[in-house]
Amino acid sequence: MFTLLRLGALAALIGCGISLPAGATTEKVGSIAEQQLRHIATYFPGRMAGSPAEMLTADYLQQQFSALGYKSDTRRFNTRYPWHHQDGEDTWRNINATSVIAAREGEVPQQILIIAHTDSTSPQSDADVQKNLGGLSAQAADNNASGLGVMLELAERLSKEHLHYSLRFVALSGEEIGQRGSEDYLARMKPEEKQNTLLVINLNSLIVGNHLTFSSGNNTPLAVMRQTRDRALTLARRSGIYAVGKKEKNASGSPFDRAGFPLMTVSTSDGPSGKMPAVLKQHFPVGLRNQAQRDNLAYIDHWLPGRITSRTHSTVAVLLPLIRELANP
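So, here is what we can say about the structure in this document.

### Some thoughts on the overall build of the protein
From N to C terminus, the protein includes 12 helices and 8 strands. Taking 20 Å as the expected radius of gyration for a compact globule of 329 residues, we find that the protein reaches 19 Å, a close match to that expectation. Considering only C-alpha atoms, the protein reaches an extent of 55 × 40 × 40 Å along its principal axes. In the protein, which comprises 329 residues, the proportion classed as buried is 58%.

### Describing the nonpolar core
By size, the foremost hydrophobic cluster in this structure holds 63 residues, and its most contacted members are Phe65, Leu154, Phe169, Ile201, Leu203, Phe214 and Leu319. Among the elements that take part in this core, helix α12 (residues 307-327) stands out by supplying 10 residues, more than any other. Once residues within four sequence positions are removed from consideration, Leu319 is found in contact with Val150, Leu154, Leu203, Phe214, Met264 and Val266. With 12 residues, the next largest nonpolar core counts Ile101, Leu113, Leu172 and Phe261 among its residues.

### Brief notes about the side chain of Thr315
By the element assignment, Thr315 lies in helix α12. Of note is the side chain of Thr315, whose polar atom sits 2.7 Å from the backbone oxygen of Arg311. Apart from residues no more than four positions distant in its own chain, Thr315 is found in contact with Val150, Leu206, Leu212 and Val266.

### A closer look at the packing of aromatic side chains
Tallied over the full model, the rule gives 8 aromatic pairs. Pairing Phe44 with Tyr60 gives two aromatic rings, centres 5.5 Å apart and planes at 45°, and the pair type is tilted. One end of the pair, Phe44, is in the loop between α2 (31-43) and α3 (52-67); the other, Tyr60, is in helix α3, with 16 residues separating them in the sequence. We classify Phe44 as buried; its relative accessible area is 10%. You can call Tyr60 buried: its relative accessible area is 13%. With 6.1 Å between their ring centres and 65° between their planes, Phe256 and Phe261 make a pair best called edge-to-face.

How each quantity is defined
- Residues numbered from 1 in each chain as written.
- Predicted model: local features only at pLDDT ≥ 70, side-chain atom pairs only at ≥ 80, totals over all residues.
- Heavy atoms only, no water.
- Helix = DSSP H or I, 4+ residues; strand = E, 2+ residues; numbered from the N terminus.
- Rg over C-alpha atoms; globule rule 2.2 N^0.38 Å.
- Buried < 20%, exposed > 50% of the residue type's maximum accessible area, 1.4 Å probe, protein only.
- Core = buried A, V, L, I, M, F, W, Y, C linked by side-chain atoms within 4.5 Å.
- Contact = heavy atoms within 4.5 Å.
- Polar contact = N/O pair within 3.5 Å; in protein donor to acceptor, adjacent residues only side chain to side chain.
- Phe/Tyr/Trp six-rings, centres within 6.5 Å; stacked < 30°, edge-to-face > 60°.

Spelled out as structure tokens, the structure:
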């Protein structure tokens, strides 16, 4: 699927500098992302796919994008996910989820797709409920108000800039129940839109993990890895930001990767288990990070003081110049 058109276009992606253009917001880089993260986590807890909170979040995001001048709309879709009962029986739960799409056209139809999931963790078994994973009280600050906050800051700072390639921001629902939102989005893409999608950037869980991490998809060509993941690491080093790079190990991890799109996932990782900070081992165990009592602002601010501010700054400080370069080769 990675065509000569993509190869030719992406071969020229390294370009311009990182200074903010005249007329752009003068707020500190990362501050908008932090404000949005805290707002979404505080006012829209329990953003499970198909829930009232998820629908309200979608409306909020759509309004934010529209206010920035993007062509934006919500997209509803029907889906379902299995529920595993304690007695061993499995049943289906049907829901109507809502994703948000915002686009700004460039000089050419080729586009860069920036995605983040809107929905918080949905319990999928009686055992999940007993562990308090997700649920109606979960602020889901890390997973994934953080991705939405960074997405909104990028959208704001890029809203007035010249674009050669088009930008499309997509807040997907249904990702925590088997990536249903990604599957729905891919199923609705027209052949020409698939052909014109040069790169997918996925923003997910950016706060708690010890290291800011840039990962390339399994099906992403080496040349594109260098121009995206490796370039992001270079920009991070220049700004004094510690970040690590990886290649996705799970071949079935992303529907966009399986569909053959060049992919870069921006997230966090803990590093070797033996070197994991004690605070993460004790207070943010990997299998329980999506508990409502852990993935919330008060808990993160207490056990990782200053992390939300520093990580939103670091993420935007790397991605903003990178996307500028990609969008204007």
